[in-house]
Amino acid sequence: MDLKNRITDRAIVRRKPLLSLQESARVKRELDAFLDTKIDEWNRTVPFARHLEGSEVNLPYYRQTLMEHAWRIRLMRSAQCNNLHKISRINAEAAQRYAAYQDEEMLHDTLFIQDAERIGVSQEEIYRTEPSFYTRLLAGYLYFVAEHEKPLGVVCYSYLVEYTTQKITPKQIAAMADSLGKDKIAGQAAHLNTDLVEDHTQEMWDILHLLIESEQDIVDIKRYFSEIQELLKLFFVELYEKHGQATGQAA
């Protein structure tokens, strides 16, 4: 009887990345430029897109964003751990880096919970509040992508979040330090500091470029960015309709 190895796991072999260092830098610039256009689109089309950069914060809107951030991190860590399992079967180095990133981010929901408590939101209220329908859709989307498409599609979520955080959140933190007080946003400031000091955008690229196996993957990364942004947009539009629109505040 002719015996063959039944294991199909590819991660035991350390493969050379498709992109050289120079090509990787070029593709990263291309994708970052694409995300810059998506940030511009977000600012044009999402109500209250720059609200937290203003001098006055809509507290019901802000309370909901804090609770939702905590829930989103909670749901995403489960989806991303599922994706880590998928990556571990195709690229060991990418899996190692992704695991290290998850280690750094895993408990950051507590930072948003602490800031929510600082403005009077109890942990019991957070636990009683379901994550929004669109946040649940986003989590389901990431599970679908990991199971039926490509693990890199889930990593695209983290890259998008880290890149836009690096671009946008410093302005929000500086503005909220004045509008709410530095003591009220200590958790978010700590979260941002970790992202910037650890350079999570570069960390995510170091993972993403290892998972690019063809030119089609680069095309698909842009598709994933667009789809993920659309799901995030739906949440913020609904949030504005519930809280911002009722107050008559400018978007």
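Residues numbered from 1 in each chain as written. Predicted model: local features only at pLDDT ≥ 70, side-chain atom pairs only at ≥ 80, totals over all residues. Heavy atoms only, no water.

A.B. asks: Any chance you could break down the overall build of the protein for me, citing the residues and the numbers?
C.D. replies: Tallying secondary structure elements over the protein gives 10 helices and 0 strands in all. Ordered by position from the N terminus, the helices and strands of the protein form the series α-α-α-α-α-α-α-α-α-α. Compactness check: the protein gives a C-alpha radius of gyration of 19 Å against a globular reference of 18 Å for 251 residues, within 12% of the reference. If one aligns the C-alpha atoms of the protein with their principal axes, the spans along those axes are about 75 × 40 × 30 Å. Of all intrachain contacts in the protein linking residues separated by at least 6 positions in sequence, the fraction that spans at least 24 positions is 85%. Accessible surface, the protein as shown: approximately 13,000 Å² in total, 52% of it carbon and sulfur. Each charge class in the protein was averaged separately, 31 positive and 39 negative side chains, and the resulting centres sit 3 Å apart. (Helix = DSSP H or I, 4+ residues; strand = E, 2+ residues; numbered from the N terminus. Rg over C-alpha atoms; globule rule 2.2 N^0.38 Å. Contact = heavy atoms within 4.5 Å. Areas by Shrake-Rupley, 256 points an atom, 1.4 Å probe, with all protein chains shown as cover. Lys, Arg positive; Asp, Glu negative; His and termini not counted. Charge placed at Lys NZ, Arg CZ, Asp CG, Glu CD.)

A.B. asks: Describe helix 9 (residues 200–211), listing the residues and the values that go with them.
C.D. replies: In this model, helix 9 (12 residues) spans 17 Å end to end at C-alpha, consistent with the 16 Å of a helix rising 1.5 Å per residue. When we look at burial in helix 9, the residues that qualify are His200, Thr201, Met204, Trp205, Ile207, Leu208, His209, Leu210 and Leu211. (Expected span 1.5 Å × (residues − 1). Buried < 20%, exposed > 50% of the residue type's maximum accessible area, 1.4 Å probe, protein only.)

A.B. asks: Please give an account of the packing of aromatic side chains that cites residues and values.
C.D. replies: A complete count under the given rule lists 8 aromatic pairs for this structure. Pairing Tyr159 with Trp205 gives two aromatic rings, centres 6.1 Å apart and planes at 65°, and the pair type is edge-to-face. Note that Tyr159 is positioned in helix 7 (residues 151–181) and Trp205 in helix 9, a separation of 46 residues in sequence. Look at Tyr159 and Phe225: their rings are 6.1 Å apart centre to centre, the planes differ by 25°, and that puts the pair in the stacked class. (Phe/Tyr/Trp six-rings, centres within 6.5 Å; stacked < 30°, edge-to-face > 60°.)

A.B. asks: Which residues make up the packing of helix 1 (residues 21–45) against helix 9, and what are the values?
C.D. replies: In the contact formed by helix 1 and helix 9, the axes pass within 11 Å of each other and the chain directions differ by 120°. Where helix 1 crosses over helix 9, the two elements pack in a sense that is right-handed. Touching Ser24, Val27, Lys28 and Leu31 of helix 1 are Thr201, Gln202, Trp205 and His209, all from helix 9. Split by residue class, the contact of helix 1 with helix 9 holds 3 nonpolar, 4 polar and 1 charged. (Axes fitted to C-alpha atoms, helices over the stretch in contact; angles between N-to-C directions. Left-handed = near helix turned anticlockwise from the far one by under 90°. Nonpolar A, V, L, I, M, F, W, Y, C, P; charged D, E, K, R; others polar.)

A.B. asks: If you had to explain the environment of Glu162 to someone new, which residues and values would you point to?
C.D. replies: Of note, Glu162 is situated in helix 7. When the C-alpha atoms of Glu162 and Ser226 are compared, they prove to be 15 Å apart, with 64 residues separating the residues in sequence.

A.B. asks: Summarise the pattern of salt bridges; cite the residues concerned and give the values.
C.D. replies: Throughout the structure, instances matching the rule amount to 19 salt bridges. For Glu53, the salt bridge identified is with Arg50, shortest N-O distance 3.3 Å. Owing to a relative accessible area of 44%, Arg50 belongs among the partly exposed residues under this scheme. A single salt-bridge network, built from bridges that share partners, covers Lys150, Asp217, Asp220 and Arg223. (Salt bridge = Lys/Arg side-chain N within 4 Å of Asp/Glu carboxyl O.)

A.B. asks: Hey, could you go over helix 4 (residues 109–118) for me, with residue numbers and the actual values?
C.D. replies: Here helix 4 has its buried residues at Asp109, Leu111, Phe112, Ile113, Asp115 and Ala116. Positioned one or two residues after helix 4, Gly120 has a phi angle of 95°, which is positive.

Geometric values such as these leave the question of function open.
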